Amino acid sequence: MLEVLKVIVNLLLDSKMTQMQRTTLPLIWSLLLIAVFGLFLQCVAFHLSHDVSWLLHCGRRILAGGDYGGAIVELNPPMSVYLYLLPVWVTQVFGFDSHFMVRLFTSIIGVGSLCLSATVLRYSTVKVRVLLLLAVSYFFLIAGEFGQREHILLMLQMPYVLSLAFLSPPSPLSVSQRILIAVAAGLSICIKPHFLVLWCALAIYQCQKRKSIFSIENISIGIVIALYLLVTMIASPGYWREIFVMTLGLFAPSYQQPLLNILYKPIVFFCLLSGFAYWGSREKYSAESTVVFLAMCSSVLAYVLGGTSWFYHAYPAMIYGALLLVICFSEGNLPQPRGFAACIVVTAILLLALIVTPSFRYRSVTPWKQELIRFINQNASNKPIYVISPFLGHTY
């Protein structure tokens, strides 16, 4: 441990460091500070989402030998539960708080995503802007939906999208790095199959530009999806036998919202605004902006296919829209005329505030929530609790 500290100190004090190293170190410290403060804020200012809490409960039942349809009635794909098995297992073995562990687990995924993204963006002129945007998006813009499956899948797939956007063949990454990025992207599709549309859109673009669809990334993603299907058929046969059929027959039709309700949301308007910036940018045909534009459109389509207008379902589309704005507003790429560009910036900031504020308020720690939790812990510990409230709009 002392040797590691000596190396770090020597690196910080070495006068022979290159200019790239000197500019990179402040960025690394900034990203780590954002991650640590974001984790702290989640622990002290927000309650964990009830969706994530339920999936933790399902994970406990799976580790106890339960299966879908009997011990577990969960309509999301099995990967939604498999995600949380590691923090649940650590909690059971070492006795840590499960809510803290899932937040820590999610934060580690976020930091890993930032590391892979930094590797992809190593020589990009927009590296600092993109990484800072991603860090703020992972740890702050998600607000009270920290740890939701859309949050995790975005962090897993982001390095893959950035590698297609910023790296020209032949890729400077090693084969192991490319496979790791592809495996993470494949897992993100397994979490929510609606994002198959993103993989298909980017694969078609890749085929058009590079005249081949059989890249290391695409083959690795296909293998991950195939292995996932095989594992679920063996480990969770109840899902395919009972839950999948019930989801198609009952859940999807009953929860399907009108298309106008889904589209008439600030996030959709934010993505339209980003699309206008893309078409007005001087770089609208570059690989960087085009790939991110396709990712944003695919995420909007995945959100529409989901059939519900919940904030976290559209969260990936919002972040890709923000990323597209950063690329379009890079130096020399400003949409024309300048007045149009200024209107886009102001409108985008207002829309982001309108989008994120309700989630901050909904999940924030308040006295009545703390009183309810205290009452449950004192009077009904380890027993089922049913809360029927028109204020909450759901039954828990």
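### Considering the overall build of the protein chain
Thought 1: When helices and strands are tallied, the protein chain shows 18 helices and 0 strands.
Thought 2: Taken over 396 residues, the protein chain has a buried fraction of 47%.

### Here's the deal with the environment of Leu-173
Thought 1: Residue position: Leu-173 is located in the loop between α8 (149-166) and α9 (175-191).
Thought 2: Residue class for Leu-173 comes out buried when judged on its relative accessible area of 10%.
Thought 3: For the pair formed by Leu-173 and Val-120, sequence separation is 53 residues and the distance between their alpha carbons is 7.6 Å.
Thought 4: Leu-173 has contacts with Thr-119, Val-120, Leu-167, Arg-178 and Ile-181, leaving out every residue within four places of it along the chain.

### Describing the packing of helix α5 (residues 85-94) against helix α6 (residues 98-120)
Thought 1: α6 packs onto α5 with a crossing angle of 140° between their chain directions and a minimal axis gap of 9 Å. Looking at the two axes, α5 sits oblique to α6. Crossing of α5 over α6 shows right-handed handedness. Note on element contacts: α6 touches α5 through Ser-98, Met-101, Val-102 and Phe-105, opposite Leu-86, Pro-87, Val-90 and Thr-91.
Thought 2: Here the contact of α5 with α6 is composed, by residue class, of 6 nonpolar, 2 polar and no charged.

### Some thoughts on the environment of Gly-110
Thought 1: As for its placement among the helices and strands, Gly-110 is situated in helix α6.
Thought 2: Of the residues examined, Gly-110 reaches a relative accessible area of 0% and is grouped as buried.
Thought 3: A sequence separation of 75 residues divides Gly-110 from Ala-35, and the C-alpha atoms of the two residues are 8.0 Å apart.
Thought 4: Those residues in contact with Gly-110, other than ones at most four positions away along the chain, are Tyr-138, Phe-139 and Met-155.

Calculation notes
Residues numbered from 1 in each chain as written. Predicted model: local features only at pLDDT ≥ 70, side-chain atom pairs only at ≥ 80, totals over all residues. Heavy atoms only, no water. Helix = DSSP H or I, 4+ residues; strand = E, 2+ residues; numbered from the N terminus. Buried < 20%, exposed > 50% of the residue type's maximum accessible area, 1.4 Å probe, protein only. Contact = heavy atoms within 4.5 Å. Axes fitted to C-alpha atoms, helices over the stretch in contact; angles between N-to-C directions. Parallel < 35°, antiparallel > 145°, perpendicular 65-115°, else oblique. Left-handed = near helix turned anticlockwise from the far one by under 90°. Nonpolar A, V, L, I, M, F, W, Y, C, P; charged D, E, K, R; others polar.

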